[in-house]
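# Reading the structure
Residues per chain are reported as follows:
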Amino acid sequence: MRRFWRGDAAMAQSRVLLLGFTVPDSLARRLFSIDAGPAIQTHKFAWSLVRALQTSFDKIVLASASPIQNFPLGRQLLFRGSKFEEKGIEGVLLGFINLLVFKHVTRFVSCLLVVPRLMVLNRVEFLFIHGVHTPFLVFGMLARLFGRRVVVVLTDPPGVPLATDSPLARVLKRVDVWLVSRVLERADGVIALAPELINRFAIRRPTLVFPGIIDSSINSKISEVSRQSVSTEPFTIVYAGGLSKAYGIDRLLDAVAGLDGMPVRVKLFGRGDQESRIRELAAHDERIQYGGFIANDLLVPELIGADLLINPRPTQEEFAIMSFPSKLIEYLAMGRPVLTTRIPSIPDSYRSHFFFINDESAEGIRSAILSLMAMDSKDREDHALRAKTFIGDEASEKAVGKRVADFIRSINKIC
């Protein structure tokens, strides 16, 4: 079997193929508009991972499938393969049929037809696989037979049941979890955004855990807004993300309802099953504002203009322990105070930079908000600025890129 790795001195000359969901921004915007549950964080993380890899590897090549829910939730049935170039990176889009079962089969066939040639032409040494998508993982195991090292990047647990799933989909997801666990046993390395993802699958391969990456593309937007004067009257609380009961939005709305007579305003951005309730409340309660689903250019000023950024996600949900809400990293990067539930996946080194909701009921969320409103504003701001400095050092694309490079070196020494 051919060994492609040439030693630590050749790190910068190594070539990587990222198999996942890294698509051009223009395509992502179109997908967001036709999907009931747009994969916004998947898109952000994918490009941050690319930029992190660029800090340590000579060339990154992309093989990507459009991230979209099964038809009809994702309102496109057929996706054709094509080439693209984005931000100086070359890639191919994999064709597939966007139907349950057919999606997995056709994505795997596309991998077989397209990716081997791409790896040979670009002399790829490492295959990084973004996510726990079975067609990609099975292809990765085939790539190992031809001497490529395979590293899997786990961002979320596989097979999470959704309210929209059919009985067949739920059965297939259970099968999917079993297949994923078997494949992960054979990877050369695993990167995870939460320790429990490693524990859940009892992974005995080399592992690296970090909670996420700051999207460097928002830094200039943050700087631009920071130079402007931002009004903070009344006390403004902002939430951006999935507007669903699973994320605690119902409790947040109940908490706000009890803030009678308080000079407070709550702005919510995103989509989800609580959207209709939010619209109805906003029509009768001026303290609640629904901003809809908006692009980063418009969202960043809203985040920076807040007195408080909030994450009410319940900690009892199974996925809470196996994923880290990427919004928490973005929140800290804004330099604004962040109030969150005690998500089990928050690393110990991050904890001092958050304010916490200790009681996840509506009354508990309301109490936590009132406590922060009563806090001296300078103390809140100083706390937020320290957190911004911390996250900039800890989760920048450059910092994560170095950790990944060190991880790859460790794999080379073991293999």
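For the structure itself, look to the data block above.
Note that the structure is predicted; figures quoted are calculated from it, not measured. Within each chain, residues carry numbers counting from 1 in the order of the written sequence. In view of the model being predicted, local features appear only for residues whose pLDDT reaches at least 70, and side-chain atom pairs are presented and counted only at 80 or more, with totals across whole chains, interfaces and linings using the full set of residues. Each side-chain value is derived from all of the structure's non-hydrogen atoms; neither hydrogens nor water enter the calculation.

## Focus on the pattern of salt bridges
Here a salt bridge means any side-chain nitrogen of Lys or Arg lying within 4 Å of a carboxyl oxygen belonging to Asp or Glu. Taken as a whole, this structure holds 17 salt bridges when the rule is applied. Between Glu-397 and Arg-51 there is a salt bridge, with its nearest N and O atoms 2.9 Å apart. Residue Glu-397 is located in helix α16 (residues 397-414), and its partner Arg-51 is located in helix α2 (residues 40-54); the two are separated by 346 residues in the primary sequence. Residue burial is assigned from relative accessible area. The probe radius is 1.4 Å, only protein chains are included, and a residue is buried under 20% of its type maximum, exposed over 50%, and partly exposed in between. You can call Arg-51 buried: its relative accessible area is 17%. The partner of Glu-381 in a salt bridge is Arg-336, and the shortest N-O contact between them spans 2.8 Å. Here Arg-336 lies in the loop between α12 (326-333) and β15 (338-341) and Glu-381 lies in helix α15 (residues 377-394), a separation of 45 residues in the sequence. The exposure class assigned to Glu-381 is partly exposed, which follows from its relative accessible area of 25%. For Arg-336, a relative accessible area of 10% gives the class buried. Residues joined in a network through salt bridges with shared partners are Arg-51, Asp-215 and Glu-397. Think of it this way: any DSSP run of H or I at least four residues long counts as a helix, any run of E at least two long counts as a strand, and we number them from the N terminus.

## Considerations on the packing of aromatic side chains
Under the pairing criterion, centres of Phe, Tyr and Trp rings, with the six-membered ring standing for Trp, must be within 6.5 Å; the plane angle then separates stacked pairs below 30 degrees from edge-to-face pairs above 60, leaving the rest tilted. In total, this model carries eight aromatic pairs according to the counting rule given. With a centroid separation of 5.1 Å and an interplanar angle of 90°, the aromatic rings of Tyr-350 and Phe-390 are classed as edge-to-face. With Tyr-350 in helix α13 (residues 348-351) and Phe-390 in helix α15, this pair connects stretches of sequence that are 40 residues apart. A relative accessible area of 2% places Tyr-350 in the buried class.

## Concerning the environment of Arg-51
Separated by 346 residues in sequence, Arg-51 and Glu-397 place their C-alpha atoms 6.4 Å apart. The criterion used for residue contact is that any of the two residues' heavy atoms lie within 4.5 Å. With residues near it in sequence (within four places) discarded, Arg-51 still touches Lys-87, Asp-215, Ser-216, Ser-217 and Glu-397.

## What about the side chain of Ser-244?
Considering the arrangement of structural elements, one finds Ser-244 in the loop between β11 (235-240) and α8 (249-257). Sequence-distant contacts of Ser-244, defined by excluding residues within four places in its chain, comprise Ile-249, Gly-272, Asp-273 and Gln-274.

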